[in-house]
Amino acid sequence: MRKFAQSLINTKLWRFNFRVYAEDQGKETVVLFTENINPQKPFLLRVHSECMTGDVFHSMQCDCGEQLDSAIATIQESGNWAIIYLRQEWRGIWLYEKIRAYELQAKWYDTFEANVMLWHNPDQRTYGMVKVALDDLGVKDVILLTNNPSKVSEIAKTWINITDRRPLIIEHNPVNEKYFTTKKTKFKHFFSDEVSYYFYQFHADKVEIVHEIGEFLKNKKTDPLLKICIGVQCDSRDLGDQEKTDNIMSIFKACDLYKWFVPILHFSYKYSQDQIWDTETIKNKLPFVKYLQTNDFIIKKNDLSFIQYAAENFLIDVPLDNENFNLVEDETFREIIKNNKAFLLLDNSKWTGVQEDKDVLKEKINALLKYDLNDIAIFGWFGPDDLSNYFELRRYFKINFSIDAETKLKTNGQIDVEKIKTYLTQLIRFDDPVEAAIEQTRTFQNQNKKEDWVNIDFLGNSYAIHPAVFNPAYFPSTRWYAQMVNKYVSKDANFCEVGSWAGIISCYLAKENSKLKILATDINPFATENTLYNAEKNGVEDRIQVVTGDVLDNVGSIKFDTIFWSMPFGFLDPWLNVDLEEAQFFDPGYRAIRKFLKDCKNHLHENGQILIWFSTDLGNYDLLKDICDQNNIRLEKLEEIEMQEKDVVKFEVFKWVYER
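Now for a quick tour of the structure.

1. Observations concerning the overall build of the chain
The number of helices and strands found in the chain is 22 helices and 26 strands. Taking 660 residues into account, the globule formula puts the C-alpha radius of gyration at 26 Å, and the chain, at 28 Å, falls close to it. Across its three principal axes, the chain shows a C-alpha extent of roughly 85 × 70 × 45 Å. The buried share of the chain, reckoned over its 660 residues, is 57%. Summarising the internal contacts of the chain: among those between residues at least 6 apart in sequence, 71% fall at separations of at least 24. Put simply, the chain shows about 29300 Å² of open surface, and 48% of that area lies on carbon and sulfur atoms.

2. A closer look at the pairing of strand β23 (residues 560–566)
Most of β23 sits inside the fold, with six of its seven residues counted as buried. Relative to β23, strand β20 (residues 494–498) runs parallel, the two being bridged by four bridges. Paired with Glu497 across the two strands is Phe564, which belongs to β23. Of the strand pairs in this sheet, β23 and strand β24 (residues 604–614) are connected by six bridges, and their pairing is parallel.

3. Quick word on the side chain of Thr185
Within the element layout of this structure, Thr185 appears in helix α8 (residues 177–186). There is a polar contact of 2.9 Å between the side chain of Thr185 and the backbone oxygen of Thr181. Residues within four places of Thr185 in sequence aside, it is in contact with Leu369, Asp372 and Asn374.

4. Re the sheet that holds strand β2 (residues 15–21)
Across the sheet, seven strands lie side by side as β1-β2-β3-β5-β4-β6-β7; this open sheet has mixed pairing. Pairing within the sheet leaves two strands with one partner each, and these edge strands are β1 (4–10) and β7 (161–166). The sheet shows a mean angle of 25° between the axes of neighbouring strands, taken without regard to direction. As judged from the six bridges shared by strand β4 (residues 44–49) and strand β5 (residues 81–86), these two strands associate in the parallel manner. Within β5, the position partnered with His48 by the bridge is Tyr85. The strands that helix α2 (residues 64–78) touches are β4, β5 and β6 (141–145); relative to β4, the one it contacts most, it runs at about 160°. Along the sheet face, helix α7 (residues 149–156) touches β4, β6 and β7 and points at about 165° away from the line of β7.

5. Observations regarding the packing of helix α9 (residues 207–217) against helix α16 (residues 417–429)
One way to put it is that α9 packs onto α16 with a least axis distance of 11 Å and a crossing angle of 35°. As for how α9 packs across α16, the hand of that crossing is right-handed. Between α9, through Ile209, Glu212, Ile213, Phe216 and Leu217, and α16, the contact on the second element is made entirely by Val417, Glu418, Ile420, Lys421, Leu424, Thr425 and Ile428. Residue classes in the contact of α9 with α16 are distributed as eight nonpolar, one polar and three charged.

6. A closer look at the nonpolar core
One finds Tyr200, Phe202, Phe261, Leu265, Ile282 and Phe333 to be the most contacted residues of the largest nonpolar core, which totals 108 residues. Core analysis: the next-biggest nonpolar cluster, separate from the first, contains 72 residues, Tyr463, Val489, Cys507 and Ile593 among them.

7. Re unusual backbone geometry
The backbone phi angle of Lys188 is positive, close to 60°, even though this residue is not glycine. Examined against the element boundaries, Lys188 turns out to sit in the loop between α8 and β8 (198–203). A residue is classified by how much of its surface remains accessible, and Lys188, at 10% relative accessible area, is buried. Positive phi is not limited to glycine here, since Tyr590 has a value of about 55°. On the secondary structure map, Tyr590 appears in the loop between β23 and α21 (591–600).

8. A look at the environment of Tyr179
Checked against the element boundaries, Tyr179 lands in helix α8. By relative accessible area, which is 6% here, Tyr179 ends up buried. Counting along the chain gives 196 residues from Tyr179 to Asp375, while the straight-line C-alpha distance between them is 20 Å. Tyr179 has contacts with Gln61, Cys62, Asp63, Cys64, Trp90, Arg91 and Thr111, leaving out every residue within four places of it along the chain.

Conventions and cut-offs
- Residues numbered from 1 in each chain as written.
- Predicted model: local features only at pLDDT ≥ 70, side-chain atom pairs only at ≥ 80, totals over all residues.
- Heavy atoms only, no water.
- Helix = DSSP H or I, 4+ residues; strand = E, 2+ residues; numbered from the N terminus.
- Rg over C-alpha atoms; globule rule 2.2 N^0.38 Å.
- Buried < 20%, exposed > 50% of the residue type's maximum accessible area, 1.4 Å probe, protein only.
- Contact = heavy atoms within 4.5 Å.
- Areas by Shrake-Rupley, 256 points an atom, 1.4 Å probe, with all protein chains shown as cover.
- Pairing = 2+ DSSP bridges.
- Polar contact = N/O pair within 3.5 Å; in protein donor to acceptor, adjacent residues only side chain to side chain.
- Axes fitted to C-alpha atoms, helices over the stretch in contact; angles between N-to-C directions.
- Left-handed = near helix turned anticlockwise from the far one by under 90°.
- Nonpolar A, V, L, I, M, F, W, Y, C, P; charged D, E, K, R; others polar.
- Core = buried A, V, L, I, M, F, W, Y, C linked by side-chain atoms within 4.5 Å.

Here you go:
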C-alpha cells in the first residue's frame, strides 16, 4: 500500500473523500470517492488525466473540462463511484510542452503531429496508479466512463474487471473540430456505444489445439475489447477435399464454445484461377466462415472488384506488403476498407519469420493513419519473448493493434501449443514496468557502486564484497531472509542458492548447519568468484560448491532438498536484455522465472521444496502468480515482514509447491 493523505471534503457539488498519494510535488495522484463504497454494487469510475487549460480555464481547444463535468454529473447519480485524477498533463508531456504543442496546432498541425514534432510520443500516459488506488479501495469491478479504447485495454490488463464502458458524449465546437477528428482517426476514440475490437491471433490445424488454448485462457482474458483469433489455413486446392473442409468446419465449431474466440479462414489465392470465383465458393461451401484473410491476392490494372466482393461478403483482413502497399493511395480502395470495417494487415514476412524494421513499420502506420485507416494488424516475426517491436508500437501510437504470428509459434514446422500459451500470456498481460521505479533502482545502483572491495560484518561473520557484485549490506532484509531460510531448511540435506551474490546467505547457512551440502550459482561470474572467496574466508569451502550460469544452467544432474532463489524484484519489458550487473536487480518480463520453473522440477528430490525471497511492494506479484499458475505451481506464503529500507517495504518468503 502506498502512502497517502485523506480528508472528507464538502464542496458545492457533493461531500466526498479526497485522497492524495505521495509522489513528487505536482505529480500526486488524486482520488475522489464516495463516503461509503460498496464494491459489491455497480461502481462507476472516471480516470481523468489532468488538463489545466480545460479543467480549470475552460479551454475550447479540447473537451477535457467538459468530459470531467459530464463524468461528475453521471457519477453523482450512482452514489457509488470514484474519480482518479492523474497528474499527466496533455497526454503525459506536461504543461510547458503542451503550450508549445498549442503553438504548432495554431499552424494547423493536429495534436498527434504536434507531440511528435516536439520529440514526444503521441500519447505518453500510463495507468499503473489506477490499479494501486482501486486495490486500496477494495474495488475489482468497475464501469468505466471513457471514449478511449487504449485506456480500457491498459486498465483491464492490470486485472481490473471492466464490466461495462460508457461513453462521454461531448459536442465539438468550431475551435476543436480537428481535435475531435484526430482523436477518432489517430487514437481510435469512440464517440458512441460502438465497440471496435482488436485481435491476438494464432493458428490451429486441429480441434485439440482450440480446446487446449481455450481452457488455458478461460480465466485469463480481461480486456473487453480483445478477441482471440484462430487462423485456419486453406487454399483453392482444399475446397474440393471433403476431409480438409470437414476439419476446417470442426475447428470453427470448436471456437463457438469460447465466447472470446473468433475463427478466421486464412485463404491463399496463390493457386486460384479466379479470385472472385474461389471467394464465392468459400461463401457457398463454407457458410460458417464470417472472417476471411485474403492472402496472396493479386490486383491487376487497378481492378478492385475482388477486394470489393470479398469485403461485401466477409469481414476481411487485407495483407499489405511492399509490393501492394501503394493501394492505400487509391481513394476507392480506402472507401472499400472503411465502409466495410476491414482490417489492413502489414505483412512483409510472408511466413518466413523475417522481422521488419520498426521504423519502417512506423512509417507505414503513419501513412495509414493519415488516411483515417486505423484498424491495423501486424503479421510475422512474433513469438514467445519476441514481441519488442509490437509492444513499442503500441506504446508509441497508443492504439490497440491486432497481431498475428505463425512461424515462431512452431517447432520443427509443427504448431507448438506451449509456445502459443507463452506468447498469448505475454500479450494479454502486457505489463508496463513503472519507469520511475526502474530509474530509481538504477540510480540507487549507481550511487552505491564502489571502485574497490568492501568489507562487511554479517550475523557475526566477516565478508568481502566485489565492486561488480550486489552488496546486500545496504538492505536489512538480507539478515531477515538468511534467518528465515535457516528456519525452513533441513539440517542434513542438499541445498541450492540461486542468485548467490557474494555468497553471504550460503556461507551463513553452512556455518549454522555443519551437515548441509550447498551449491551456489549466479549468472554473474564475479558473484560466483566472490562466493567462493567468502566461503574460503569463513572456512566452509569444503561444503559450498560454486557454478556460474543463468538460474539452474550448469548445475548438472544434482537434485536438492531445498532450492532457494532471491529473485530479482524489478522487471523490465519482456524483450530487453540486461547486463550482468542489472541482472542482479531486473528480470525482463520475468523471463528468468519462467526458465527457472521449467528446469526446477528436474533438480528437486521427491519431497523437495522451493523457497523464494520476494517483495510484493517491489516486484510484480500478479505476474509472478500468473507464471506459477501456468506451471501448475501453488504459492504458499511462509513469512512476511515490513521494514524500513529506503521506504517501508514488505518482504515475503514464499514456498512453491508443484501440484500433483
